[in-house]
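Understanding the architecture of this molecule
Spelled out from the first residue to the last, the chains are:
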Amino acid sequence: MTDTLSDPKPPRLLSLDALRGFDMLWIIGANVLVRQLAAWQKTPWLESWADQLSHVSWEGLHAYDLIFPLFMFLSGVAIPFSFESRLARGDSKARLAGKIAVRTLVLVILGMLYNGLLSDQPGPPRLLSVLGQIGLAWGAAATVNLMVRGTKGRLACIAAILGIVTILQLLVPVPEFGAGDLSKTGAINAWLDRLLVPGKLNGKTFDPEGLLCIFSATTLTLSGSVLGSFLRKPDACTWRAAGMVFLTGAAVAAAGWLCWHAGYPPIKALWTPTFDLLATGISLMVFALFFAVIDVAKLQRWTLPLRMIGMNALTIYLLTRFFDFSQPAKLLFGRLATACGDAAPVVLACGVLLLEWMVLYFLYRRKIFLRV
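Residues numbered from 1 in each chain as written. Predicted model: local features only at pLDDT ≥ 70, side-chain atom pairs only at ≥ 80, totals over all residues. Heavy atoms only, no water.

1. Quick word on the overall build of the protein chain
Note the cut-off: Only runs of H or I of at least four residues qualify as helices and only runs of E of at least two qualify as strands under DSSP, and these elements are numbered from the N terminus. For the radius of gyration, the atoms used are the C-alpha atoms, and the globule rule reads 2.2 Å times the number of residues raised to 0.38. Residue exposure (1.4 Å probe, protein chains only): buried if accessible area is under 20% of the type maximum, exposed if over 50%, otherwise partly exposed. Here a residue-residue contact requires only that any non-hydrogen atoms of the pair lie within 4.5 Å. Exposure was quantified through the Shrake-Rupley algorithm and a 1.4 Å probe, taking into account, for residues, occlusion by the shown protein chains and nothing else. Only four residue types enter the charge count, namely Lys and Arg as positive and Asp and Glu as negative; His and the chain termini do not. Lysine's charge is taken at NZ, arginine's at CZ, aspartate's at CG and glutamate's at CD.
Looking only at helices and strands, the protein chain has 14 helices and zero strands in total. Counted from the first residue to the last, the protein chain has its helices and strands arranged as α-α-α-α-α-α-α-α-α-α-α-α-α-α. Its C-alpha radius of gyration of 21 Å places the protein chain within 12% of the 21 Å reference for a compact globule of 372 residues. When the backbone C-alpha atoms are referred to their principal axes, the protein chain occupies close to 60 × 55 × 45 Å. For the protein chain, the proportion of its 372 residues judged to be buried stands at 50%. Look at the contacts in the protein chain between residues 6 or more apart in sequence, and 74% of them connect residues 24 or more apart. In the structure as shown, the protein chain presents an accessible area of about 17,300 Å², 67% of it carried by carbon and sulfur atoms. The positive charge centre, built from 33 side chains, and the negative charge centre, built from 22, are 10 Å apart in the protein chain.

Here you go:
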């Protein structure tokens, strides 16, 4: 994989927007729809699917545990497409560094507002957040992308982060717990959060978006940026490239699987390097499939509904927090839901998704996109 600055107008990856939209779809209500379907029609495959759409209690991996990492990975893929073109047009590194700082700060602040920073909720506010982690990891990855021009250097940064986190989690003793404790209280992640993070922790004794978690999760965004640099080349939309990405993902996921079976489990709440490897590998493989179908085979018409979500992912994420779509869904589809008897929750879940998509369709038609 090599970088290039020769083409200021690289081909747009429709698969990037489509996969981002597919990922966000599960956050904004598709998960609820599947659970309601499983509750209505208690078939083994639906119940198994619904189980995959919940987080594991601590160790292990479900499909739903990959939603957030995949989004972080995709935010990294977009970095070279934006930054390399700006550099080719003559923007200075100092100017881009300023944009990185502003975008990171805005996402951190939005995350705090999302968590109720200005609300009258009792107790101290939670300052850490999903958006904050995305912002800080993206800022770190973008800075590395700006300062480290070679792919080998960026891969070395990823390896260094994984190595440092492994040493900290397995070898550095935590007061009163010792080294290698990966529990909610004894892990070094939890100890650092209790020691250094002001405000409320999401897990009481730890925070899944804590300081060491953010540092570790940066590897997802950095990995995405390496892929973005590879795919930015004008001749990258080939079956060979899609196969290379898929096989690379399989190898990375296999490395994570080996770490897991060697006794170092994937724990999303701690962002263990094992989890990072599995999440990165699976993200690469899923991206390769979308890339092959959409950008290589050019089967693109079906992706428009997903791309509408993906192009305004931040918008709909914030809207679902500040606006309850279930209320207008009941007003518009309540009578139909009642007529459907036991399937009423399924109808209402579909209604919520439809209303959310209609908002995104309205924004798309008017070319309104919230970009930080």
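Still more to cover.
2. Re unusual backbone geometry
Positive phi values are uncommon outside glycine, yet Trp 271 reaches one of about 50°. Its place among the elements puts Trp 271 in the loop between helix 9 (239–261) and helix 10 (273–296). What makes Trp 271 buried here is its relative accessible area of 0%. Of note in the backbone geometry, Lys 298 takes a positive phi value of approximately 65° without being a glycine. Within the secondary structure, Lys 298 is located in the loop between helix 10 and helix 11 (304–310). Lys 298 sits in the exposed class, given a relative accessible area of 52%.

3. Structural notes on helix 8 (residues 211–231)
It helps to recall that an α-helix has 3.6 residues per turn; residues three or four apart then point in one direction. Quick reminder of the rule: The span expected for a helix works out to 1.5 Å for each residue beyond the first.
Taking 1.5 Å per residue as the helical rise, helix 8 with its 21 residues ought to reach 30 Å, and the 31 Å between its terminal C-alpha atoms agrees with that figure. Of all 21 residues making up helix 8, 19 are buried, and the element is well covered by its neighbours.

4. Regarding the packing of helix 7 (residues 188–196) against helix 8
Our working rule: Helix axes are fitted only over the stretch in contact, all axes being lines through C-alpha atoms; the angle between N-to-C directions runs from 0 to 180 degrees. Roughly parallel here means an angle under 35 degrees, roughly antiparallel means over 145, roughly perpendicular means 65 to 115, and every remaining angle is called oblique. Residues are grouped as follows: nonpolar covers Ala, Val, Leu, Ile, Met, Phe, Trp, Tyr, Cys and Pro; charged covers Asp, Glu, Lys and Arg; every other residue, Gly included, is treated as polar.
For the pair helix 7 and helix 8, interaxial distance at closest approach is 7 Å and the crossing angle is 125°. Viewed along their axes, helix 7 and helix 8 adopt a mutual orientation that is oblique. The residues of helix 8 that touch helix 7, namely those facing Ile 188, Asn 189, Leu 192, Asp 193 and Leu 196, are Leu 211, Leu 212 and Cys 213. For the contact of helix 7 with helix 8, a count of residues per class yields six nonpolar, one polar and one charged.

5. Description of the state of the cysteines
We apply this condition: Whenever a pair of cysteine sulfur atoms sits within 2.5 Å, that pair is classed as a disulfide.
Applying the stated rule across the entire model yields zero disulfides. The structure places no disulfide on Cys 259, whose sulfur is separated from the nearest cysteine sulfur, that of Cys 213, by 18 Å. With no disulfide partner, Cys 340 has as its closest neighbouring cysteine sulfur the one in Cys 350, 9.8 Å distant. With a relative accessible area of 34%, Cys 340 lands in the partly exposed category.

6. Re helix 13 (residues 326–339)
Inclusion rule: A residue's bend is the angle separating two fitted axes: one through the seven residues that end there, the other through the seven that start there.
Of all bends in helix 13, the biggest is about 70°, found at Phe 333. Taken together, the buried positions of helix 13 are occupied by Ala 329, Phe 333, Gly 334 and Ala 337. Here the buried face of helix 13 lies against helix 14 (344–365).

7. Structural notes on the packing of aromatic side chains
Where we set the bar: Stacked, edge-to-face and tilted labels apply to pairs of Phe, Tyr and Trp rings (six-membered ring for Trp) whose centres lie within 6.5 Å, assigned for plane angles under 30 degrees, over 60, and everything in between, in that order. Only when the NZ atom of a Lys or the CZ atom of an Arg is both within 6 Å of the ring centre and within 35 degrees of the ring normal do we say a charge sits over the ring.
A complete count under the given rule lists 14 aromatic pairs for this structure. A ring pair is formed by Tyr 114 and Tyr 317, whose centres lie 4.8 Å apart and whose planes are at 5°; its orientation type is stacked. Here Tyr 114, found in helix 4 (residues 93–114), pairs with Tyr 317, found in helix 12 (residues 313–322); they are 203 residues apart in sequence, far enough to count as distant. Exposure remark for Tyr 114: the relative accessible area of 18% places this residue in the buried category. Here Phe 290 and Trp 302 contribute two aromatic rings whose centre-to-centre distance is 6.5 Å and whose plane-to-plane angle is 55°, an arrangement assigned as tilted. Taken together, the residues Phe 290 in helix 10 and Trp 302 in the loop between helix 10 and helix 11 connect sequence positions 12 residues apart. A connected cluster of aromatic rings, assembled from ring pairs, spans Phe 22, Trp 26, Trp 45, Trp 49, Phe 290 and Trp 302. Geometry around Tyr 114 places Arg 321 over its ring, the cationic atom sitting 4.9 Å from the centre.

8. Describing a nonpolar patch on the surface
Keep this limit in mind: Note on patches: the residues involved have over 30% relative accessible area and no salt bridge, like charges join within 9 Å, and the nonpolar side chains Val, Leu, Ile, Met, Phe, Trp and Tyr join within 5 Å. Salt bridge, as applied in this entry: a Lys or Arg side-chain nitrogen positioned within 4 Å of an Asp or Glu carboxyl oxygen.
A contiguous nonpolar patch, built from Leu 105, Ile 109, Leu 113, Leu 117, Leu 118 and Phe 322 and spanning about 590 Å² of accessible area, is present on the exposed surface. Considering each element in turn, the nonpolar patch owes the most residues, three residues, to helix 4. Mapped onto the secondary structure, Leu 118 falls in the loop between helix 4 and helix 5 (130–147). For Leu 118, a relative accessible area of 72% gives the class exposed.

9. Considering the nonpolar core
The condition that has to hold: Only buried residues count toward a nonpolar core, which is a set of Ala, Val, Leu, Ile, Met, Phe, Trp, Tyr and Cys residues joined through side-chain atoms within 4.5 Å.
Counting residues in each nonpolar core, the largest one holds 54 residues, and the members touching the most others are Phe 73, Leu 227, Leu 231 and Phe 287. In terms of residue count, helix 10 provides more of this core than any other element does, 10 residues in total. Ignoring sequence-local partners within four residues, the contact set of Phe 287 consists of Leu 13, Ser 15, Leu 16, Leu 19, Phe 73, Leu 74, Val 77, Leu 227 and Leu 231. Core analysis: the second largest hydrophobic core is formed by 21 residues, Phe 83, Trp 138, Leu 146 and Val 174 among them.

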